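What follows is the residue order along each chain.
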Amino acid sequence: MRPRFAGGRPSDEERALIQKLEGLIKAHEERHRDIARKFTQRALCAAIGKTGTTYEKAINGVLCEMNKAQEALDRTEGTVRWTLDPGQTRVVDVSLAPEPSARYPC
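These figures come from a predicted structure and were not determined experimentally.

### Points about the environment of Cys106
Here's step 1: Mapped onto the fold, Cys106 is located in the segment after β2 (91–97).
Here's step 2: For the pair Cys106 and Arg33, spaced 73 residues apart in sequence, the C-alpha separation works out to 18 Å.
Here's step 3: In this structure, Cys106 is in contact with Cys64 and Lys68, ignoring residues within four places of it in sequence.

### So, the side chain of His32
Here's step 1: The topology assignment puts His32 in helix α1 (residues 12–47).
Here's step 2: Beyond its immediate chain neighbours, meaning those up to four positions away, His32 contacts Gln70, Leu73, Asp74 and Tyr104.

### Concerning the nonpolar core
Here's step 1: Counting six residues, the largest nonpolar core consists of Ile35, Phe39, Ala43, Val62, Met66 and Leu73.
Here's step 2: Mapped by element, the contributors of at least two residues to this core are α1 and α2 (52–77).
Here's step 3: Contacts of Leu73, omitting those with residues within four sequence positions, involve His28, Arg31, His32, Ile35 and Gly78.

### Observations concerning the pairing of strand β1 (residues 79–84)
Here's step 1: For β1 and β2, the ladder comprises six bridges, and the chain directions are antiparallel. From the neighbouring strand, Thr83 faces β2, where its bridge partner is Asp93.
Here's step 2: Turn length for the β1-β2 hairpin, with the two strands adjacent in sequence and antiparallel, is six residues, and the turn residue Gln88 shows positive phi of about 60°.

Reading the values: the criteria
- Residues numbered from 1 in each chain as written.
- Predicted model: local features only at pLDDT ≥ 70, side-chain atom pairs only at ≥ 80, totals over all residues.
- Heavy atoms only, no water.
- Helix = DSSP H or I, 4+ residues; strand = E, 2+ residues; numbered from the N terminus.
- Contact = heavy atoms within 4.5 Å.
- Core = buried A, V, L, I, M, F, W, Y, C linked by side-chain atoms within 4.5 Å.
- Buried < 20%, exposed > 50% of the residue type's maximum accessible area, 1.4 Å probe, protein only.
- Pairing = 2+ DSSP bridges.

Structure, rendered in C-alpha cells:
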C-alpha cells in the first residue's frame with residue numbers, strides 16, 4: 001500500500017514527506033526481500049542430498065533462522081516514527097524506528 005494524502009491537494013512539504021515515507025518503506029521491504037532471498041538459497045543448499053524428515057528438518061532450520069533475521073530487522077526499523085512540530089499539530093518529518101514487539105514464528 002502506498003500512503004496517500006486524504007486532505008485535498010498536499011502542499012509541497014506534505015508531498016515531500018509522503019515521498020520520503022514511500023522511500024523508507026520501500027527500502028525496508030527490499031531489505032526483507034533480500035533476507036528472504038539469502039535464506040531461500042541457504043535452505044535449498046541445506047536440502048540437497050536429504051530425504052524424508054532430514055530434508056524437512058534442514059529446510060525448517062534455515063527458515064527458522066530467516067524468521068529470526070526478519071525479526072531482527074523489524075526490531076531495529078519495523079515501524080514509522082512521526083516527528084511533530086513544536087506545537088504538536090502537524091508532522092514535519094518521518095523516519096524508521098524500532099518495533100520491539102516484532103515476533104516471527106519459528
